[in-house]
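# Report on the structure
Residue-level listing of the chains:
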Amino acid sequence: MKLKKKTALLASFTMGALLLATTALADIASKSGYEELKDAIKLTAERGSEAFDSFTLDFSMAMKDNGKTLMSGNETKKFDRKTGATESLSSNVNLNGYTNSSQTYSDTKTMIRVSESDPTYYVTEFSKEREIESFNNPFKEEEAADVEKIIDAIVGSLKDHVVITEKDDGSKEINGSLTEVQIPALVNAVASFQLKQEFNGNHNQSNMPKLVKDVFVKQVTGTAKVNKDGVLESILGIAVLSGKDEQGAIHEISVDALITVTDINSTTVTKPDLTGKKVVRHLERDYSGSEISNPEKYLGKFKNDILIEKDGKFVKIGERIIDITHIDTIKVTGQYHEEFKPGFEEYATNTSELSFSAEFIKDQRGNANFEYTTKSGVKGQGNIYFDDYQGKINFNGMNTSYEGGLMFDSTFSPDLD
Amino acid sequence: MVVFQAALLNELEKLYKKKKVLVGILLSLAVIVIGQLVIVGVRSGFGLRGTGSVEFPMLVLSVVVNTILPLFTALVTIDSFSGEFTQNSMRITLTRPVSRFKVYTAKIMAIVLFILGALLLLLVFSLLAGFIFNTNSATLDSLGRTVFSYLVSLFPMTVLALAIALLANILRSGIAVFFVSILTFLGLTVLSVLFSQYSGLFLTTHLDWYNLFLVNSFPLLKILRQFLIMLGYGIMFFTAGFYIFDKKEF
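Heads up: these notes are all about the structure in this document. (Residues numbered from 1 in each chain as written. Chains lettered and ligands numbered in written order. Predicted model: local features only at pLDDT ≥ 70, side-chain atom pairs only at ≥ 80, totals over all residues. Heavy atoms only, no water.)

## So, the side chain of Ser90 of chain A
- Positionally, Ser90 of chain A belongs in strand 3 (residues 85-93).
- Taking the relative accessible area as the measure of exposure, Ser90 of chain A reaches 16% and is therefore buried. (Helix = DSSP H or I, 4+ residues; strand = E, 2+ residues; numbered from the N terminus. Buried < 20%, exposed > 50% of the residue type's maximum accessible area, 1.4 Å probe, protein only.)

This is how it looks when you write it as structure tokens:
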């Protein structure tokens, strides 16, 4: 009897352990729809940044209020990874009912832009061949793994709502649907609060209904299609927000978004034909380098006015003049002096005439610190900055006294007269 | 069977006489009241709906199933075993002509009934509060899912009770059992966040398994796997717990 009980207990324990172990293994091995979706997104991002020579990405969205379209947008982007050319066509209807559409083309040497409201083709030609940042794989970033873990944790039990169906041709359809009972109350509250704030923000003139009461996320659904290579072909997402406006009328605002990837390896990006069109061309300077381009353009005089405030007016009492005598990408030398109009000579200080020589700080485009020597031999320190955007020089170092209503200005414009 | 019934009645009577059960029930009701107040506050303050009539019971369940319910399951289980060990009243129970197996089963059964009672009480009151204070959003489907969610939560809670019963038989002191349980619970919760791909194996994630019954597509395979895992745990905990209980000398 004693032995029998022991055997029964042992058998029962072993059975429990076996049951646990086998199902646990099956559970770990089984790939949920959520995992499959993650894999498909990763694979698509990887292929898009490395393997596909060309593809077309289409993004469209629409926002509807009880079925009436409030706004919509469509953007088609064609990528050619081999030549670095991209083309994008977009058309939008905004919340005020205005439509606009535009077309952009860009490759390593040019960028062309045209819009519906202005039929002029704006062509930008680049002096240097640009390095086009092709589509970057976000999963290759350092933080990607951690971010994925955080998202997994947030998604939590909602993972189980993702269902996958396999088709005969090897492609898959991934579906997810959440209605109000299934959305955790806290998530729903936070999301609806966010959306409510966003919608009621500053769209006073628009035809967007103002939701003030009983706002909640009614439904969220998503469908993704994965082709037989495991690459995402389309993602469709629909979210429905319900709420009441001030009059108590119920509004159901739905947002649909659809992203499709088509014409993989068969997309051709064509440069718009400019013959017979109104074209405005300009040469784009390269601002991205760590050194100023064509530094010799800064040779010569730069000046600004010395002003004082007197009897409620600005009075010009002279000029500050910088004379750049030598400049290259490494070094700059020159003189600075102030010229006062007759009768105002007493405003001159000991730094009213000085010479300087500076070396550009590495990787700080056009920025240099210098040591100057005044006419009387006193040394001091200052800073000079060549501003390529404005074509001006910023010069600091001379005494800045505001005595006698003197104004101080460190910006110098080229003296071209 | 008559003997078992008598033992069960005996255990239920003991449970019923304890203040802990009353406190547990009061706290559960407090969760409903506080939850409803928060929802009303959110609604008038932020203009959000908060929850509808059926979502409110789900909100209550999601809070209770991870906090008060496991806590009181632990307290009642510890009381039923460690309490009697230390008070030496276990001797009295065992002098009756009832086998130890029946005593152990009756104790577990009484705890399960306590959990079931708590769940039903929560269900009824949160549904009532849901319907009285919230805009009606009920459909037959969502109502059915809500009721079902409450009922299936009994299962993981029972497994939890079995695990604590095992612990109570290993460790003598009730306080030790309580703290070990709490620490394990917290540990498992953290682990299931860190290793989310293995989270299906942890007892703490099973507490939320009612969510599976809410999924539109009804993931039968996943539910079955979770059920079998819990069953495996349950059998192991019960057998091991009973083995130690059987060997114990009082």
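## Digging into the interface of chain B and chain A
- Chain B puts 43 residues into the contact, and the matching count from chain A is 39 residues.
- Regarding the contact of chain B and chain A, the summed buried area is about 3,600 Å², with carbon and sulfur atoms giving 66% of it.
- Taken together, the links from chain B to chain A amount to three salt bridges.
- The partner of Lys5 of chain A in a salt bridge is Asp246 of chain B, and the shortest N-O contact between them spans 2.8 Å. (Contact = heavy atoms within 4.5 Å. Buried area = accessible area lost by both parts, 1.4 Å probe. Salt bridge = Lys/Arg side-chain N within 4 Å of Asp/Glu carboxyl O.)

## Brief notes about the pattern of salt bridges
All names here are of chain A.
- Applying the stated criterion across every chain, the model contains 28 salt bridges over all chains.
- Put simply, Lys297 and Asp388 hold a salt bridge, and the shortest N to O gap is 3.5 Å. Taken together, the positions of Lys297 in the loop between strand 12 (279-284) and strand 13 (300-310) and Asp388 in the loop between strand 18 (379-387) and strand 19 (392-396) put the pair 91 residues apart, joining distant regions of the chain.
- Here Asp388 falls in the buried class, since its relative accessible area comes to 5%.

## Description of the side chain of Asp152 of chain A
- Summarising the element assignment, Asp152 of chain A is placed in helix 3 (residues 144-155).
- Judged by relative accessible area, which is 7%, Asp152 of chain A ranks as buried.
- Not counting the four nearest positions on each side in its chain, Asp152 of chain A is found in contact with Tyr34, Lys38 and Lys159 of chain A together with Ser196 of chain B.

## A word on helix 3 (residues 55-64) of chain B
- Within helix 3 of chain B, eight of the ten residues are buried, which leaves it mostly tucked inside the rest of the structure.
- When helix 3 of chain B is considered as a whole, its buried residues turn out to be Glu55, Phe56, Pro57, Met58, Leu59, Val60, Leu61 and Val64 of chain B.
- The inward-facing, buried residues of helix 3 of chain B abut helix 4 (185-199) of chain A together with helix 2 (19-46), helix 4 (68-87), helix 6 (100-133) and helix 7 (140-152) of chain B.

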